[in-house]
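# Observations on the three-dimensional arrangement
Each chain, letter by letter, is given below.
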Amino acid sequence: MFQDWERLFDLATSAGSLAVIGLDSRNLVRFWSPSAHRMLGWSSEETLGQPLPFPLKHSPGKSRGLDAQLHVMLRTKCGEQIIVGVRASDWNEAPGQRPGALYVLQDVTLQHKEEDEARSARRFRELLEAAPDAILEIDRQGRIVLANAIAERMFGYARAELVGLEVDNLLPSAMRARHKQHREHYDAHPSTRPMGSGLKLEAIRRDMERFPVEISLSPVDSEEGQRVIAIVRDTSDRHATEEKLLQIREAFARELAHKNDELQKRNREIEKSDRLKSEFLASMSHELRTPLHTIIGFSELLSEQMQGPLNDKQKRFVEHILRDSLHLLELINDILDLSKIESGRLELHRETFDAGVSIEEVLASMRPRAAQKSIELSHGLNGTIELCADRVRFKEILLNLLGNAVKFTPEHGRVAVEVARESSGSWRFTVSDTGIGIPPEEHEAIFDKFYQAGSTTRGIREGTGLGLAITRHLVQEHGGRVWVESEPGRGSRFSFTIPDREIIAWPVS
Ligand code: ADP
């Protein structure tokens, strides 16, 4: 027992202001030092014979000795949170008894707080130095009280020079006068915001070099009153990039404009040469037709043998001349037609007429050719079809489609014309046949000039390859469209529409 009191005494004197608490083997307080009263709020009267008023555990026999200290958070009697360093040891109140515990508590709250503060100050410094922008803290008099490493580099001053320097020294002289007012205004209305938003701000280095900046301001409270944190970003690089981009964009726009001009010029030249070509073709075709008619007329006369008989060979020769002259005439007529359309010289003479009658007429003109191949020609007309269109051109469209239908349908086939009303108010005319058909990949191309699909009924190429191109132009001039549905070996259906009323013609492609 004496031995323990002696140790207790030793402890209390050597460690200064310490709380000493002794517990018996049942963990009831046996000793409560006056300093424990001061530190923890409970008096020895309140605690003796009672369990500890806060959790603290010591396992007898497992003492780590009084040298080992644990930091524990406790609540004092009045509820204040304190941090204490705890040393614990076994305590034999009397020899032979089961050991209790001896606690020595040291209040380290203040020490912890200081450590915390030092840690956060260090952290703040690290953040300040790691920031990519210059950071300045400025007091109410406009003097710099804190600056980071970037600020030193950005403005060319050592930190010791920056601290205490009037912040106006970092502005171009022209801005200084106004800056004082700005600062006063900011002090009156402090908030986190960009400085001079929308304005081009500039700062000045120690060597008087000016450079573009972006600045954001935040008010901070300090013991010396309100201060301002200014975060300054040097935007020279960005400006240079923007400038470069602008130059590239301008150069590109100039280049584009130049290219556009050239393109327009070329377009005009192409249009002009296209027009010249069409005009040339139109006049050439006209010039060619006159002598051709003479050739056709005289070879017809010869083949009729009015001027005397021809032998078989001569007859064959004359028939060749006649057939090829007729083909040439067809070609010339088509070219003339197309060049007229393409040079914009085709004029539609619209009138209102019964399209049924025109269909009958075209069918009648086709009958001899159809009869040669025993092809059945029919129509499904019912009543009048009042159409407002160019009657001659309408018949030409039909003639082209019916001519092809008969041409590309083998003997004993069928060719028919149908008429239907579209929901859009257009008339739709369809010429169908039971002929050789057209592969889907050629459905568009056959409407191009001089395009002829792979095969014909007789294996010989007939026609000019211009009929459908002319047909499409004529239909489009009327404001309609033309298309084909077909499969090889299953016949073809060519349809075109003519709007009911007169509408402005689409531009011919
Ligand atoms: P062509 O003078 O050769 O008939 P077109 O422009 O009228 O010229 O027709 C172009 C091509 O479209 C024809 O050569 C033919 O291959 C194909 N074609 C047109 N109509 C039909 C049809 N009814 N059946 C099968 N092929 C057709």
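What comes next concerns the included structure. (Residues numbered from 1 in each chain as written. Predicted model: local features only at pLDDT ≥ 70, side-chain atom pairs only at ≥ 80, totals over all residues. Heavy atoms only, no water.)

## A short note on the overall build of the chain
Our working definition: Secondary structure elements follow DSSP: runs of H or I no shorter than four residues count as helices, runs of E no shorter than two count as strands, and numbering proceeds from the N terminus. The quantity called the radius of gyration is restricted to C-alpha atoms. Its globule counterpart is 2.2 Å times the number of residues to the power 0.38. Throughout, exposure labels follow a simple rule: accessible area from a 1.4 Å probe, protein chains only, divided by the maximum for the residue type, with under 20% read as buried, over 50% as exposed, and the rest as partly exposed. Contact between two residues is taken to exist if any of their heavy atoms lie within 4.5 Å; hydrogens are not considered. For every accessible area listed, the method is Shrake-Rupley and the probe measures 1.4 Å; residues are considered covered only by the protein chains on display. Just so you know, the count uses Lys and Arg for positive and Asp and Glu for negative, and it drops His and the chain ends. To locate a charge, the coordinates of NZ of Lys, CZ of Arg, CG of Asp or CD of Glu are taken.
The helix and strand inventory of the chain stands at 12 helices and 18 strands. What you see for the chain is a C-alpha radius of gyration of 54 Å, clearly larger than the 23 Å of a compact globule of 509 residues, by over 25%. Counting over 509 residues, the chain shows a buried share of 38%. Across the chain, the fraction of contacts at a sequence separation of at least 24, relative to all contacts at a separation of at least 6, is 57%. Element-wise, carbon and sulfur atoms account for 53% of the exposed surface of the chain, whose accessible area totals about 30500 Å². Here the chain carries 68 positive and 78 negative side-chain charges, and the mean point of each set is 1 Å from the other.

## A closer look at unusual backbone geometry
As a rule of thumb, non-glycine residues mostly have phi less than zero, and peptide bonds are mostly trans rather than cis. Backbone geometry at Q305 places phi at a positive 55°, although glycine is not the residue there. Structurally, Q305 is set in the loop between α8 (236-304) and α9 (312-342). Of note in the backbone geometry, S374 takes a positive phi value of approximately 50° without being a glycine. Tracing the backbone shows S374 in the loop between α10 (355-372) and β13 (376-379).

## Things to note about the packing of α8 against α9
The line we're drawing: Working convention: axes come from line fits to C-alpha atoms, limited for helices to the stretch in contact. Angles between N-to-C directions cover 0 to 180 degrees. When an angle is under 35 degrees it counts as roughly parallel; over 145 it counts as roughly antiparallel; between 65 and 115 it counts as roughly perpendicular; any other value is oblique. In this scheme the handedness of a crossing depends on how the near helix is turned from the far one: anticlockwise by less than a right angle means left-handed, clockwise means right-handed. For this classification, the nonpolar set comprises Ala, Val, Leu, Ile, Met, Phe, Trp, Tyr, Cys and Pro, the charged set comprises Asp, Glu, Lys and Arg, and every other residue, Gly included, is treated as polar.
Here α8 crosses α9 at 155°, and the two axes come no closer than 8 Å. Compared by their axis directions, α8 and α9 come out roughly antiparallel. Where α8 crosses over α9, the handedness of that crossing is left-handed. Residues of the contact of α8 with α9, tallied by class, amount to 16 nonpolar, eight polar and four charged.

## A look at the packing of aromatic side chains
Where we set the bar: Only Phe, Tyr and Trp rings take part, Trp by its six-membered ring, and two of them pair if their centres are within 6.5 Å. Stacked means planes under 30 degrees apart, edge-to-face means over 60, and tilted covers everything else. Two conditions define a charge sitting above a ring: the NZ of Lys or the CZ of Arg must be within 6 Å of the ring centre, and it must be within 35 degrees of the ring normal.
Under the defined criterion, the tally for this structure stands at seven aromatic pairs. We note R481 situated over the ring of W483; from NZ or CZ to the ring centre the distance is 4.1 Å.

## Topic: the pairing of strand β17 (residues 482-486)
It is a general feature of regular strands that their side chains alternate between the two faces of the sheet. Put simply, the rule is: Strand pairing is defined by DSSP finding a minimum of two bridges between the two strands.
A one-sided burial pattern is seen for β17, the buried positions being V482, V484 and S486 and the unburied ones W483 and E485. Both β17 and strand β18 (residues 492-499) contribute to a ladder of five bridges, which runs antiparallel. For W483, the partnering residue across the bridge sits in β18 and is S495. With antiparallel pairing between neighbouring strands as the criterion, β17 and β18 make up a hairpin whose turn holds five residues, including G489 at a positive phi of roughly 80°.

## Focus: the site of the ligand
Short version of the rule: For this purpose, a residue is taken to be near a molecule or strand whenever a single non-hydrogen atom of the residue falls within 4 Å of it. For the purposes of these results, a polar contact is taken to be a pair of N or O atoms within 3.5 Å, where, inside protein, one atom must be able to donate a hydrogen and its partner to accept one; residues adjacent in sequence count only when each atom of the pair is a side-chain atom.
Looking at the ligand, there are 21 residues lining it, with N404, Q452, A453, T464 and L468 nearest. The contact in question runs from an oxygen atom of the ligand to an N or O atom on the backbone of G467, over 3.3 Å. Protein contact buries 98% of the 530 Å² of open area that the ligand shows by itself. Elements that contribute at least two residues to the shell around the ligand include exactly α11 (391-407), α12 (467-477) and β18. Classifying every residue of the shell around the ligand gives 10 nonpolar, eight polar and three charged.

## With respect to α8
Short version of the rule: Expected helix span is computed as 1.5 Å times (number of residues minus one). The seven residues ending at a residue and the seven starting there each receive a fitted axis; the angle between those axes is the bend at that residue.
For α8, which comprises 69 residues, the first-to-last C-alpha distance of 97 Å matches the rise-based estimate of 102 Å (1.5 Å per residue) to within 8%. The sharpest bend along α8 measures roughly 25° and falls at T290, with the proline P291 sitting one to four residues further on. Three or more residues of α8 are buried, namely S278, A282, S285, L292, I296 and S299. Taken together, the buried residues of α8 touch α9. Q305 lies just past α8 and shows a positive phi near 55°.

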